Amino acid sequence: MTALERAQVQHRTVRVLALGQVLGGVAFGATVSLGALLAADISGQEALSGFATASVTLGAALCAIPLARLAAVRGRRTALTLGNLFALVGIAIVVAAAAMRVFPLLLVGVILIGAGNAGNLQSRFAATDLADSAHRGRDLGVVVWATTVGGVLGPLLLTPGEVLGRTVGMPPLTGAYLFSIVAQTAALALYLVALRPDPLLLAQRLARDDARVALPDADVDRPIAARYAMLAVAASHVVMASVMAMTPVHLQHLAHAGDGGHGGATEAVTLLVGITIALHVLGMYGLSPVFGWLADRWGRVRLVLLGQAVLAISLLIASTWPGERMAVVAALFLLGLGWSASTVSGAALLTESTPLARRPRRQGMSDTLMTAAAAVGAVLAGLVLGQWGYGVLALTGLALVALTTLLSPLGRR
């Protein structure tokens, strides 16, 4: 295979992965928006609302390494389609749990949805399997950006989903999962049919058989830089996930305070939550191609530091004006931007600091660390929110931002 042919395969692979991320974003957007509200409603305790996000991240943590190892042997296509199957089963269990009002069953379903998200997370690494180092950040950023369409659309489907759900007799707060089922099924079919040749298997074959077109950094190993990349990605994700997970509950508090303290998850509350999460997801993914381009030209570590600066600004806004809805919305948008800059550049740094033979394993380890830490963070976030409030929760994230910034010289080792 010539370098031109490899570039053509890479271009087609990025397009397929991008479309898959659009569909996955629609499916996952409803879970992110509704998980905390469903957990609080079914359990009757707002302090347990963080368990929904924790379960999503736990499911992703449990399956990240197994799916990465499966990808190393059977290819990205097999791992991605298996992840979609997990998510479809999880959605069905969540709807059943809401109908029966069984909190543990709800968590089981959300864990399986999280397992499916572990497959989605692999898409960004799949975009780098055949990419050359000069465009690795750009290709990764394009695939991450594609999640914007589905990720923004998914939360905005909450209100029409509720209307459709009532029409077909679904439990409250689950109507949007109808869209998720359609999107996940379409993504599964897309990967099975169109992700050919498999990018990881092809990269491995090229590295073995044809050194002339193999990736120039296929044998580079910078373990210290790789570990820093894992830390930067995990810390940024914990900060983002902890604050984001509690924002729907906090906005519900603000909405109820504004209408005299009347309870219940009304359509006005779900609309407010949907718009806020949609803007947050826009921040997470909307500028990822720009961040990828900047990471290719400015350097990976510089972009990580830019992301940390944006995260710090977001947390300061949220902690200073926690009772102002517009301030919370702005803070959540900036939170997404900071996460995007840090994770896009961190994932690129991890890939280019690792030899090809070890990439799936280290990528799986990175996803496991990221999601497991976020699961713990989401549980603790619910406790902090219930005990001290949203402002204090935002302030706690500054410690991880400071740690990532202080250790940034390791990324250049």
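For the structure itself, consult the block above.
So, a few notes on the structure that sits alongside this text.

This part covers the nonpolar core. Among the nonpolar cores identified, the biggest contains 49 residues, and Leu-315, Leu-335 and Tyr-390 are the most heavily contacted of them. Where this core is concerned, the elements lending two or more residues are helix H5 (136-156), helix H9 (223-258), helix H10 (267-285), helix H12 (300-320), helix H13 (325-352), helix H14 (359-388) and helix H15 (390-396). Top element by residues in this core is H9. It accounts for 15 residues. In contact with Tyr-390, other than residues within four places in its own chain, are Val-243, Met-246, Thr-247, His-250, Ala-318, Pro-322, Val-328, Leu-332 and Leu-385.

The next subject is the side chain of Asp-198. The topology assignment puts Asp-198 in the loop between helix H7 (177-194) and helix H8 (199-209). Looking at Asp-198, its side chain comes within polar contact range of the main-chain nitrogen of Arg-77, at 2.8 Å. Leave out the neighbours within four places in its chain, and Asp-198 touches Gly-75, Arg-76 and Arg-77.

So, on to unusual backbone geometry. Cis peptide bonds are those with omega within 30 degrees of zero, and the linkage from Arg-196 to Pro-197 qualifies with -5°. Looking at the secondary structure, you find Pro-197 in the loop between H7 and H8. Backbone geometry at Arg-101 places phi at a positive 55°, although glycine is not the residue there. By the secondary structure assignment, Arg-101 is in the loop between helix H3 (76-100) and helix H4 (103-126).

The topology assignment puts Leu-403 in helix H16 (residues 398-406). Leu-403 sits in the partly exposed class, given a relative accessible area of 37%. Taking the C-alpha atoms as reference points, Leu-403 and Leu-231, 172 residues apart in sequence, are found 9.3 Å from one another.

Reading guide: rules and limits
Residues numbered from 1 in each chain as written. Predicted model: local features only at pLDDT ≥ 70, side-chain atom pairs only at ≥ 80, totals over all residues. Heavy atoms only, no water. Core = buried A, V, L, I, M, F, W, Y, C linked by side-chain atoms within 4.5 Å. Buried < 20%, exposed > 50% of the residue type's maximum accessible area, 1.4 Å probe, protein only. Helix = DSSP H or I, 4+ residues; strand = E, 2+ residues; numbered from the N terminus. Contact = heavy atoms within 4.5 Å. Polar contact = N/O pair within 3.5 Å; in protein donor to acceptor, adjacent residues only side chain to side chain.

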